[in-house]
Every structure is written in C-alpha cells, then in structure tokens.
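Remarks on the overall topology
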Amino acid sequence: MNILVTGGAGFIGSNFVRLMLNKYPDYKIVNYDKLTYAGNLENLKDVEENPNYVFEKGDICDAQMVREMLKKHQIQVIVNFAAETHVDRSIHDPAIFTHTNVYGTQTLLDAARQNGIERYIQISTDEVYGSLGETGFFTEKTHLSPNSPYAASKGGADLLVKAYYETYGLNVNITRCSNNYGCYHFPEKLIPLMITNALDNLPLPVYGDGSNVRDWLHVSDHVSAIDSVLHHGKPGEIYNIGGQNERTNLSIVEMIVGKLNKPKSLIKFVKDRVGHDRRYAIDPAKIERELGWAPKYTFEQGLEETIKWYVENESWWRRIKSGAYLEYYVKQYGEALHG
Ligand SMILES: Cc1cn([C@H]2C[C@H](O)[C@@H](COP(=O)(O)OP(=O)(O)O[C@H]3O[C@H](C)C(=O)[C@H](O)[C@H]3O)O2)c(=O)[nH]c1=O
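Being a predicted model, the structure only gives us computed values, none of them experimental. (Residues numbered from 1 in each chain as written. Predicted model: local features only at pLDDT ≥ 70, side-chain atom pairs only at ≥ 80, totals over all residues. Heavy atoms only, no water.)

1. Remarks on the site of the ligand
Taken together, 23 residues are adjacent to the ligand, and E127, Y150, P205, R273 and H276 come closest. Contact distances for the ligand include 2.8 Å between an oxygen atom and a backbone N or O atom of L190. Y207 places a main-chain nitrogen or oxygen 2.8 Å from an oxygen atom of the ligand. For the ligand, whose accessible area on its own is 680 Å², the fraction buried by protein is 96%. When residues of the shell around the ligand are traced back to their parent elements, those giving at least two are helix 6 (190-199) and strand 8 (204-207). For the shell around the ligand, a count of residues per class yields ten nonpolar, seven polar and six charged. (Near = heavy atom within 4 Å. Polar contact = N/O pair within 3.5 Å; in protein donor to acceptor, adjacent residues only side chain to side chain. Areas by Shrake-Rupley, 256 points an atom, 1.4 Å probe, with all protein chains shown as cover. Helix = DSSP H or I, 4+ residues; strand = E, 2+ residues; numbered from the N terminus. Nonpolar A, V, L, I, M, F, W, Y, C, P; charged D, E, K, R; others polar.)

In structure tokens form, the structure reads like this:
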C-alpha cells in the first residue's frame, strides 16, 4: 500500500508514520508536511533512513503539488493529519484555521476523487461535538456543535468529507479522537507544557479553576485505532476514539508536579480560556464493537512514560521553547503569570 500521510511531521502524524513503517515493512509511506511551527522532522529521526519512507515538503492547500504527489508516488490511500490544532491560537487568529483545515481538506478531497484514491481518512476531533455537562458521552450520532474557531474548522472539514462520500462515492472514514498525550507532543498543549515548565521551575498556568474535564488518550493507542480503521473501517463511517480516562485539568497538573517532586506553589490559576468547553468524553462502544479496538495504556503508565521521555529528550523541547514559541507564550501569558 502506498500511503500519503499529510502532517506526518506533527505529533500524532509522526507517531502514525512510525507505526506504519514498523508494522508494515512492505508499505510505502510518503510524509507530506508543510513544516509549520508545530511540524518537526526530528520527530522522525529514527525512521528517516527507512527505504520505504519519503518526506515531501508541501502544503495541503497547494492543489497542484498535491496532485503531483499522488501521481509521483502512486498513492492509493490518504490519511489527513495536517491541521492547525491549538484552540488558543484559533481564538487569536481564526483565519489560518479555516484556510488550512477546511480549504486544505477540500483540496485533498478533490485530488483524491480526481486521481482514483482508494481510501481517504480524515483525522478529526471530539471538539466538533461541542461541550458536555457533568454527565453523558459523545457518540458518532451526536450533533456537531463546535464552540471554538478551531473546532468549527474541523467540523466544517468533516462535513466536506461526508459530502464527498455522499456525492462522489469517495471511500472515506472520519475518526474523532479525544485529547492525546505522549512523546513528541508540542509543548503548547496542557501536558507537555506543564511537564516542561515544571522541569524549568516556571509557573504552571491553569485556566479558570482547573475543573474542566478532558478524556486523555495515549497517542500510541490513538494511532493503533487509526490502523484498525484504515484496515477494517466500513466506507463512509465515523469512528470516535477515546481513552476512557476523564480527568480534571487541575488533577493532571497536580500529578505532574507530584511525579517531578516540584512544589505545588508553581501552579498559577490564570484567566479562563474564552468559550472554554467544560467537558469532553467519548462513548467507545462503536469502535470496540465493530473493530475490536480498545485503549491499552493506563493513564498512570502513560503519564509516567511521557514524563520520562521529556526528561530524557530535553534537547528536543528546549530548542522549541527557546525559539519563536517562547515569544508567543510570553505575549499570551506574561501578564497573567507575573502581573
Ligand atoms: C495550554 C493550556 C490548557 N489548559 C486547559 C485547557 C483545556 O481545558 C485543557 C487542555 O488544553 P489543550 O489546549 O492542551 O487541549 P484542548 O483545548 O482540550 O484541545 C486538544 O484536544 C482536542 C481533542 C483537539 O482536537 C485539539 O487539537 C487539542 O489541542 O487544559 C490550561 O488550563 N492551561 C494551559 O496552559
């Protein structure tokens, strides 16, 4: 199988590329990535010499280049991880989210249908469903009700994918995951931000009172679920992928502080995120029943391993945090943290 993995230099994409190369030695994996601030070829250093791996730098919004890629590498399957993903950034600068996530998806879909692509998998998010109260779960039938510009752009992309299935018969699947964590996670997201800040004895900014809830999924479990969808998913179907592991943000930060033997006084409650979704939680029944997939990691084991990875791979995150990202971070949180 020749697979075009878009956004393969990002966090989830790179974990998926590694799984494919290690598990399927006869597959060719083409990693097509624009290398935005969150794309990093260092994430794939260990597989870059693999003869079945090719990196191509490019944008999913560039229709001509996408078409060239499909022809040049005789692509049969597209798995689209490429996206702007950070909710806080989408609040400050929504346009790039619509452009990349919606228009970029449409560009891929058009190229797919015009070039006889056999399978198209859209990697989406449970945020398209909006926010839950204290009870209940998202299922694949839950109405889309996104709240942030990020979530709206992913919801828009999902609707296009569905439309290309209904209108053109393109063989698609949509996967919607809960919050991921694990190695190579860009340190703007809650868990890697808190680990790396704590290692540097920097403040740990918790939005609001820290009682918002997320359902945490280890990235290895996530990419194994995508593998199941790729090989056994039914045409046109949506599959939710969750960790069955709900935690409040504050409890996570406290676990990290505890595991790193840092003082709780590092925790700083800061202004809440605008339109902050209260709770996400996924009902895993469909993917368990139809594809026999369930997460393997316990959160304790996954967090332990993740913390260890950041301790042992300081050079990876140190470079990121000392560059342009630091400027963004200070601009956004500086006042709240030091004022
Ligand atoms: C960065 C940060 C976050 N938070 C809170 C905000 C959230 O309630 C929770 C997780 O935030 P984060 O930005 O890491 O992730 P979400 O906004 O839940 O969204 C993430 O999970 C979904 C599925 C995707 O699809 C997104 O792409 C992904 O970014 O921690 C804080 O309290 N402080 C902080 O400094």
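Let us keep going from here.
2. Topic: the sheet that holds strand 7 (residues 179-181)
Pairing between the strands of a sheet comes from backbone hydrogen bonds, and it takes one of two forms, parallel or antiparallel. Pairing in this open sheet of three strands is mixed, and the strands run 7-9-11 from one edge to the other. Either end of the sheet is taken by a strand with one partner, and the two such strands are strand 7 and strand 11 (246-248). For this sheet the average axis-to-axis angle between neighbouring strands, irrespective of direction, equals 50 degrees. Pairing of strand 9 (residues 213-218) with strand 11 involves three bridges; the strand directions are antiparallel. Across the sheet, the residue bridging to R214 is R247, located in strand 11. The strands touched by helix 10 (residues 299-312) are strand 7, strand 9 and strand 11; relative to strand 7, the strand with the most contacts, the crossing angle is about 50 degrees. (Pairing = 2+ DSSP bridges. Axes fitted to C-alpha atoms, helices over the stretch in contact; angles between N-to-C directions. Contact = heavy atoms within 4.5 Å.)

Distances and angles like these do not, on their own, reveal function.
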